[in-house]
Amino acid sequence: MIIRKCIKELSCRLVQTINCVRKNSTGKYCLELVRKHDFENYLCTLLLHKNIRRTGFAVRAFNIEVATIQDQISDRKIGEMRFKFWESSLNEIYQNKIPKHPVLIELYMATKTQKLSIVYLKRLISSRENYMLNSSLKTIEDLEAYAENSVSPVYYLFLEAMGIKDMKVDHAVSHLGKCQGIINIIRGIPFNTKSGRISIPQDILLKYKVSYENIIRNSSEQNVRDAIYELASRANSHLMKAKNLEKEGKKHVKSIYLPFVPLHIYLEKLRKADFNVFDKKLQERNNVLPMKLLWHKIVG
């Protein structure tokens, strides 16, 4: 009975979303951008309340656009120009000027129906630009701050779109963003090393005597796994804090917390891989994730 209900729910959401994007090419652009670059959050956004689902895809698409700038350029000056473009475009949106980029058009539409703070959107830009310019994180606290500024604003914007003002809920999604940001760094290690970027905080590298060469040659030695274990433990701590706060929260906000599921799954897979971040199994897509997300949404 529950499985049948899950399948029916997923089918219904897919039909609703497909019908929505058929009506506007900009909505389709955002949906496809998120599906291509961030499949787990694509599924989570698909299951948001229908009143904020379109806004959810617009915000996540915007975040992807600014997050991928560093991967697309070899010259920092070009990167700075692109960040400046997005910042200037946001200013135009809030000056009631209709932009031409599909993601910005969707954001413009979102600001006409919901109160979205420009400060959160700009924070997504500045966090990525600062990370590009500084290229390394000195401490694990720096990593947490980066995670807070590069991920949590997405959830603050979701709350604004739902018209929710609650300090406890804000606190919960702050921890959720920190957890997700740290896990993003962990998951990105095998890919970033190909371009010579080492995203593990320097204090962790020093603590476990991990050299840049260890990371670049994809070492699975004990000291490297110990360093990853400490990062994963910090992420898990934030996840547990977010879950404890979420239990006390309002029921209609539950869909915002759906990323709990893929984050928990990844941490568990990492544990089973003995914190070898270069294990190929960690890069495999979880085909049962849609059902698990639906189960969590329906059952809790």
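All values derive from a computational prediction rather than experimental measurement.

J.: An account of the overall build of the protein is requested, with residue identities and associated values reported.
T.: When its secondary structure is counted, the protein shows 16 helices and zero strands. For the protein, the C-alpha radius of gyration of 19 Å lies close to 19 Å, the compact-globule estimate for 300 residues. For the protein, the spread of C-alpha atoms along the three principal axes comes to 55 × 55 × 35 Å. When the 300 residues of the protein are sorted by exposure, 50% land in the buried category.

J.: Any chance you could break down the packing of aromatic side chains for me, citing the residues and the numbers?
T.: Enumeration according to the criterion identifies nine aromatic pairs in this entry. Seen in terms of ring centroids, Tyr 120 and Tyr 156 are 5.1 Å apart; in terms of plane orientation they differ by 40 degrees. Their pairing is tilted. Here Tyr 156 lies in helix H10 (residues 152-161) and Tyr 120 lies in helix H8 (residues 118-134), a separation of 36 residues in the sequence. Joined through ring pairs, the aromatic side chains of Phe 39, Tyr 42 and Phe 57 make up one cluster. We note Arg 285 situated over the ring of Phe 39; from NZ or CZ to the ring centre the distance is 3.8 Å.

J.: Run through the packing of helix H4 (residues 50-67) against helix H6 (residues 76-93), naming residues and quoting values.
T.: Viewed as axis vectors pointing N to C, H4 and H6 meet at an angle of 150 degrees, and their least axial separation amounts to 10 Å. Classified by the interaxial angle, the pair formed by H4 and H6 is roughly antiparallel. For the element pair H4 and H6, the recorded crossing hand is left-handed. In this structure, H4 uses Phe 62, Glu 65 and Val 66 to contact H6, whose residues at the interface are Phe 83, Trp 86 and Leu 90. Of the residues in the contact of H4 with H6, the class split is five nonpolar, no polar and one charged.

J.: Pulling in residues and values, what's your account of the nonpolar core?
T.: Core analysis: the biggest nonpolar cluster contains 93 residues, and Phe 62, Leu 107 and Ile 186 have the highest contact counts within it. Ranked by residues supplied to this core, first place goes to helix H11 (residues 167-192) with 10 residues.

J.: Describe the side chain of Thr 111, and please don't skip the residues or the numbers.
T.: Residue placement: Thr 111 occurs in helix H7 (residues 102-113). Only 2.7 Å separates the side chain of Thr 111 from the backbone oxygen of Tyr 108, close enough to count as a polar contact. The contacts of Thr 111, once residues within four sequence positions are left out, are Ile 93 and Tyr 94.

J.: Give me the lowdown on the pattern of salt bridges, citing residues and values where you can.
T.: The tally for this structure, following the rule as stated, stands at 10 salt bridges. As a salt-bridge pair, Arg 197 and Asp 71 come within 3.0 Å of each other at their nearest N and O atoms. Of this pair, Arg 197 sits in the loop between H11 and helix H12 (202-207) while Asp 71 sits in helix H5 (residues 69-72), placing them 126 residues apart in sequence. Of the residues examined, Asp 71 reaches a relative accessible area of 52% and is grouped as exposed. A salt bridge links Asp 274 to Arg 225; the nearest nitrogen and oxygen atoms lie 2.5 Å apart. Remark: Arg 225 occurs in helix H14 (residues 222-247) and Asp 274 occurs in the loop between helix H15 (260-272) and helix H16 (289-299); sequence separation between them is 49 residues.

J.: Could you give me a rundown of H11, with the residues and numbers involved?
T.: Over its 26 residues, H11 runs 35 Å from end to end, which matches the ideal 38 Å to within 8%, given 1.5 Å per residue. Taking the largest bend as the criterion, H11 deviates by roughly 25 degrees, centred on Ile 186, and proline Pro 190 comes between one and four positions later. Put simply, Asp 166 is the residue that caps the front of H11, since its side-chain oxygen is 2.8 Å from the backbone nitrogen of Lys 168.

J.: Kindly report on the side chain of Glu 230, identifying the contributing residues and their values.
T.: With respect to the element layout, Glu 230 can be found in helix H14. Engagement of the side chain of Glu 230 in a polar contact is seen with the side chain of Tyr 208, the distance being 2.4 Å. Each residue touching Glu 230, except ones within four places of it in the same chain, is listed here: Ile 140, Ile 204, Lys 207 and Tyr 208.

J.: Tell me about the packing of helix H9 (residues 140-150) against H11, and please be specific about residues and values.
T.: One can describe the packing of H9 onto H11 by two numbers: an axis separation of 7 Å at closest approach and a directional angle of 115 degrees. As far as their axial angle goes, H11 and H9 are roughly perpendicular. Handedness of the H9/H11 crossing: right-handed. The residues of H11 that touch H9, namely those facing Leu 143, Glu 144, Tyr 146, Ala 147 and Glu 148, are Ser 174, Gly 177, Lys 178, Gly 181, Ile 182 and Ile 185. Grouping the amino acids of the contact of H9 with H11 by side-chain chemistry returns five nonpolar, three polar and three charged.

J.: Break down H4 for me, citing the residues and quoting the values.
T.: With 18 residues, H4 extends 26 Å from end C-alpha to end C-alpha; this agrees with the ideal 26 Å at 1.5 Å per step. Burial of H4 is extensive: 14 of the 18 residues sit out of reach of the surface.

J.: Describe the environment of Leu 270, with residues and values.
T.: Here Leu 270 is to be found in helix H15. Here the alpha-carbon distance between Leu 270 and Leu 282, two residues 12 residues apart in the chain, equals 6.9 Å. Setting aside chain neighbours within four positions, we find Leu 270 in contact with Ile 186, Ile 228, Ala 232, Phe 275, Asn 276, Val 277 and Leu 282.

Reading the values: rules and limits
Residues numbered from 1 in each chain as written. Predicted model: local features only at pLDDT ≥ 70, side-chain atom pairs only at ≥ 80, totals over all residues. Heavy atoms only, no water. Helix = DSSP H or I, 4+ residues; strand = E, 2+ residues; numbered from the N terminus. Rg over C-alpha atoms; globule rule 2.2 N^0.38 Å. Buried < 20%, exposed > 50% of the residue type's maximum accessible area, 1.4 Å probe, protein only. Phe/Tyr/Trp six-rings, centres within 6.5 Å; stacked < 30°, edge-to-face > 60°. Lys NZ or Arg CZ within 6 Å of the ring centre and 35° of its normal. Axes fitted to C-alpha atoms, helices over the stretch in contact; angles between N-to-C directions. Parallel < 35°, antiparallel > 145°, perpendicular 65-115°, else oblique. Left-handed = near helix turned anticlockwise from the far one by under 90°. Contact = heavy atoms within 4.5 Å. Nonpolar A, V, L, I, M, F, W, Y, C, P; charged D, E, K, R; others polar. Core = buried A, V, L, I, M, F, W, Y, C linked by side-chain atoms within 4.5 Å. Polar contact = N/O pair within 3.5 Å; in protein donor to acceptor, adjacent residues only side chain to side chain. Salt bridge = Lys/Arg side-chain N within 4 Å of Asp/Glu carboxyl O. Expected span 1.5 Å × (residues − 1). Bend = angle between axes of the 7 residues up to and from the residue.

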